[in-house]
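# Structure at a glance
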Amino acid sequence: DPDILVAGEALVDFLPDRSGPLREIEGFSRRAGGAPANVAIALARLGERPWFLSNLSTDAFGEFLADTLAAEGITDRFLTRDQEHRTTLAFVAHDADADRSFSFYRTATADQHIDPGVVDDDALVTVSWVVLGGVALASEPARSRLLDFAERAREHGCTIVLDPNRRPELWADTATYERVLGDALALTDVCKISEEDLAGTRFADESPDVLLDAGPHTVVSTCGADGAHVVAGEDAPWGPAEYEHGGYAVKPTDTTGAGDAFLAGVLYGLANGERLDETLAFADAVAALTTTEQGAIAALPDREAVAAFRADSE
Ligand code: ATP
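Residues numbered from 1 in each chain as written. Predicted model: local features only at pLDDT ≥ 70, side-chain atom pairs only at ≥ 80, totals over all residues. Heavy atoms only, no water.

## Observations concerning the site of the ligand
Definition in use: Whether a residue is near a molecule or strand is decided by its heavy atoms; if any one of them lies within 4 Å of it, the residue is near. Pairs of N or O atoms within 3.5 Å make up the polar contacts considered here, provided that, within protein, one atom can donate a hydrogen while the other can accept it, and that residues adjacent in sequence are counted only when both atoms are side-chain atoms. Here the Shrake-Rupley method, with its probe set to 1.4 Å, supplies the accessible areas, and only the displayed protein chains count as covering residues. Numbered from the N terminus, helices here are DSSP runs of H or I no shorter than four residues, and strands are runs of E no shorter than two. Basically, the charged four are Asp, Glu, Lys and Arg, the nonpolar ten are Ala, Val, Leu, Ile, Met, Phe, Trp, Tyr, Cys and Pro, and anything else, Gly included, counts as polar.
By nearness alone, 22 residues border the ligand, and Lys192, Thr222, Gly224, Gly227 and Asp284 come closest of all. Contacts to the ligand include Gly259, whose backbone N or O atom sits 3.0 Å from an oxygen atom. The side chain of Asp284 places a nitrogen or oxygen atom 2.5 Å from an oxygen atom of the ligand. For the ligand, the accessible surface in isolation is 620 Å², of which the surrounding protein chains cover 89%. Contributions of two or more residues to the shell around the ligand are made by α8 (258–271) and α9 (276–290). Here the shell around the ligand is composed, by residue class, of nine nonpolar, eight polar and five charged.

Now the structure itself:
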């Protein structure tokens, strides 16, 4: 059985066929998305088949997501199907400053009704890593259910991994986000963050101690083209450590999902007992490769492709 369980939303991203404000875009490409779905697919490509816990609508977009996950070899044991709620849609625009913005169509959607109750204790004892993303924590009932699930998983000895993956469009205000982030961090062992995840909150600080004091023993930060950084505290099972990796030079086409590919690389390294510095380099390589094509999953590599790319780059 898989020893990594990824929980959270699968949704459909509509990527614009050109840059400009959303109101002017006529053409879009449909892509499977949702950070947890991207992480699960990235792990599957690396040969590390995870469980994926999610709730998929039975509408046409939910069928498309179910087909996509099945084609990637992800088992549907913890994928519930929902006739009452529709699939979340996210329309993406690249504004003049090349920043990505999202317009979410997410009223009463299936992903907000995820049910971790389907993961029985017998299954949970076989899982070592539970991965949560912040989008699923933005609304109820998914928020409470997933935080309760994280607590139950911890009691079973699972390591909890969190990517806050902040989308300001989904949060009422910064105070709410900060409070929920604090609750989630208290249950987290390994946290993956970017600068935007923390901006304007009490966790934004030059020193990683603020985050290490909030719960996690290990904090991995991404810095776009400049690569990534990891800090582990005294209580980390791999011992205290700090490493940086400067990233890999590629010609990026689209960085959608780069953070998710990166997190999959981190999980792959940690779950296979790799050293932290090697894990960071591996994750940077997986993420760099995935920026070379449009969409979050098109260019996700397998292990051989990562090895070949690293051999060429070093
Ligand atoms: P999100 O996917 O939500 O934007 P994020 O903010 O973590 O997540 P980035 O910091 O942009 O994403 O990128 C994550 C990782 O992807 C980086 O740590 C790096 O390894 C890789 N990466 C991103 N952009 C580039 C780039 N232009 N060239 C090479 N690697 C990149």
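From this point, the narrative continues.
## Comments concerning the pattern of salt bridges
Selection criterion: For this document, the term salt bridge refers to a Lys or Arg side-chain nitrogen within 4 Å of an Asp or Glu carboxyl oxygen. With a 1.4 Å probe rolled over the protein chains alone, any residue whose accessible area is under 20% of its type maximum counts as buried; one over 50% counts as exposed, and the rest are partly exposed.
Within this structure, the stated rule accounts for 11 salt bridges. Across the salt bridge formed by Glu63 and Arg81, the nearest N and O atoms sit 3.5 Å from each other. Note that Glu63 is positioned in helix α2 (residues 60–71) and Arg81 in strand β5 (residues 79–82), a separation of 18 residues in sequence. A residue is classified by how much of its surface remains accessible, and Arg81, at 38% relative accessible area, is partly exposed.

## Side note on the pairing of β5
Keep this limit in mind: Here a strand pair is declared whenever DSSP counts at least two bridges between the two strands. Place the viewer so that the strands point away; then a crossover is right-handed whenever the path from the first strand over the helix to the second strand goes clockwise.
Summarising the sheet, strand β4 (residues 51–57) and β5 pair through four bridges and their orientation is parallel. Note on β5: the bridge partner recorded for Leu56 is Arg81. Chirality of the crossover, the property in question, places the unit of β4, α2 and β5 among those that are right-handed.

## Structural notes on the packing of α8 against α9
So the rule is basically this: The axes are straight lines fitted to the C-alpha atoms, using for helices just the contacting stretch, and the angles between their N-to-C directions are given from 0 to 180°. Note on convention: near helix rotated counterclockwise from far helix by under a right angle means a left-handed crossing. Clockwise means right-handed. Working rule for contacts: check all heavy atoms of both residues, and any pair within 4.5 Å makes them a contact.
Close contact between α8 and α9 brings their axes to 7 Å; oriented N to C, the two are set at 150 degrees. Seen along the crossing, α8 lies across α9 with a hand that is right-handed. Residues Ala258, Ala261, Phe262, Gly265, Val266, Tyr268, Gly269 and Leu270 of α8 form the contact with α9, whose own contacting residues are Leu276, Thr279, Leu280, Phe282, Ala283, Asp284, Val286, Ala287 and Thr290.

## Regarding the sheet that holds strand β3 (residues 28–33)
Read across the sheet, four strands follow the order β3-β2-β6-β7 without closing on themselves; strand pairing throughout is mixed. One side of each edge strand has no neighbouring strand; the edge strands of this open sheet are β3 and β7 (100–105). Between one strand axis and the next, the sheet turns by 25 degrees as a mean value, whatever way the strands run. In the packing of α2 onto the sheet, the strands contacted are β2 (11–16), β3 and β6 (89–94), and the crossing angle to β3 comes to about 60 degrees.

## Quick word on the sheet that holds strand β1 (residues 4–7)
Strand-to-strand pairing in sheets goes through backbone hydrogen bonds, with the strands running parallel or antiparallel. Ordered in space as β5-β4-β1-β8-β9-β10-β11-β12-β13, the nine strands form an open sheet in which the pairing is mixed. The sheet is open, and its two borders are formed by β5 and β13 (241–245), each paired with just one other strand. In this sheet, neighbouring strand axes are inclined to one another by 15 degrees on average, regardless of whether the strands run parallel or antiparallel. When strand β12 (residues 228–232) meets β13, the two strands line up antiparallel, connected through five bridges. Of the residues in β13, the one forming a bridge with Ala228 is His245. Contacts from α8 reach β1, β8 (129–133), β9 (159–163), β10 (190–193), β11 (218–222) and β12 within the one sheet, and its direction differs from that of β8 by about 165 degrees.

## Remarks on the pairing of β1
Burial along β1 is two-sided: the face carrying Ile4 and Val6 and the face carrying Leu5 and Ala7 are both buried. With four bridges joining them, β1 and β8 adopt parallel strand pairing. Each residue of the ladder has a partner; that of Leu5, found in β8, is Val130. Where β1 lies against β4, three bridges are found, and the strand directions are parallel. Within the sheet, the bridge partner assigned to Leu5 lies in β4 and is Trp51.

Functional significance is not addressed by these values, which are geometric in nature.
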